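# Summary of structural features
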Amino acid sequence: MDIPAARWYPAIAVRHSRRIFNSEALEAGVVSRLGEVCRDFRPFDGVRAEFVLESPDRIFKGAVGPYGKVKGATALIAFVGDTTDPHVNEKLGYVGEGIVLEATAMDLGTCWVGGFFRKSVAAKVLRIGGQEQVFAVTPVGRAVDGATREERR
Ligand SMILES: Cc1cc2nc3c(=O)[nH]c(=O)nc-3n(C[C@H](O)[C@H](O)[C@H](O)COP(=O)(O)O)c2cc1C
């Protein structure tokens, strides 16, 4: 896939992580575009983004971090990589931020979560095993209007 630089570059200045979403189902066009970009933006072997049309709540449940909780998202994107690849983090960072910028260009909220989520639950949701691991997850959806006080902490 060619990088849509004219869409992604301006999204860099606009993107802010968002954690509180409006709980509404995503429109069919949005679902299809997110699925398509996750399938097509695969510049490297060994890493990929997967769009999952389900709430990330069970992946985040019980995981406690220094930031606020994610609430109300109806979909997630998981960043999956091969643990034996020495450059897996760099590759996933590049692929993941591309996907995050595409979501931003679509007026959707995201929030990278790489530490405080349940990796075993994420692996089940993604049906992965062996050498692969879910390295990070982002909720994706329509964030509530304006950053909440919880998000501004
Ligand atoms: C690779 C990566 C992993 C992250 N992991 C977590 C995490 O596990 N938990 C969390 O609450 N925030 C995590 N964050 C931070 C948020 O995604 C976000 O960057 C932070 O709230 C600052 O907001 P900003 O992105 O609008 O600057 C991570 C960020 C990055 C880039």
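Presented here is an overview of the structure given in this document. (Residues numbered from 1 in each chain as written. Predicted model: local features only at pLDDT ≥ 70, side-chain atom pairs only at ≥ 80, totals over all residues. Heavy atoms only, no water.)

## Quick word on the site of the ligand
To be explicit about the condition: Throughout, the term near means that a residue has one or more heavy atoms lying within 4 Å of the molecule or strand in question. Polar contacts here mean pairs of N or O atoms no more than 3.5 Å apart (in protein, one a potential hydrogen donor and the other a potential acceptor; neighbouring residues in sequence count only if both atoms are side-chain atoms). In short, Shrake-Rupley with a 1.4 Å probe defines the accessible areas, and a residue's cover is counted only from the protein chains shown. Residues were grouped as follows: Ala, Val, Leu, Ile, Met, Phe, Trp, Tyr, Cys and Pro as nonpolar; Asp, Glu, Lys and Arg as charged; and all remaining residues, including Gly, as polar.
The ligand sits among Arg15, His16, Ser17, Arg19, Tyr67, Cys111, Trp112, Val113, Gly114, Gly115 and Phe116. Between arginine 15 and the ligand, the recorded distance is 2.9 Å, taken from a side-chain N or O atom to an oxygen atom. At 3.0 Å from an oxygen atom of the ligand is found a main-chain nitrogen or oxygen belonging to phenylalanine 116. Against a free-state accessible area of 620 Å², the protein chains account for coverage of 63% of the ligand. Of the residues belonging to the shell around the ligand, the class tally is 5 nonpolar, 4 polar and 2 charged.

## What about the pattern of salt bridges?
Condition: Between Lys or Arg on one side and Asp or Glu on the other, a salt bridge is scored when a side-chain nitrogen of the former is within 4 Å of a carboxyl oxygen of the latter. Note on conventions: DSSP H or I runs of at least 4 residues are helices, E runs of at least 2 residues are strands, and numbering of each starts at the N terminus. Any residue under 20% of the maximum accessible area for its type is buried, any over 50% is exposed, and the rest in between are partly exposed; the area is computed with a 1.4 Å probe on protein chains only.
Tallied over the full model, the rule gives 10 salt bridges. The shortest N-O distance in the salt bridge between glutamate 27 and arginine 142 comes to 3.4 Å. On the criterion of sequence distance, the pair formed by glutamate 27 in the loop between helix 1 (5-14) and helix 2 (28-40) and arginine 142 in the loop between strand 4 (132-141) and helix 6 (149-152) is long-range, its members being 115 residues apart. Between arginine 33 and glutamate 102 there is a salt bridge, and its shortest N-O distance comes to 2.9 Å. With arginine 33 in helix 2 and glutamate 102 in helix 4 (residues 88-105), the pair connects residues that are 69 residues apart, well separated along the chain. Note on arginine 33: relative accessible area 27%, which makes it partly exposed.

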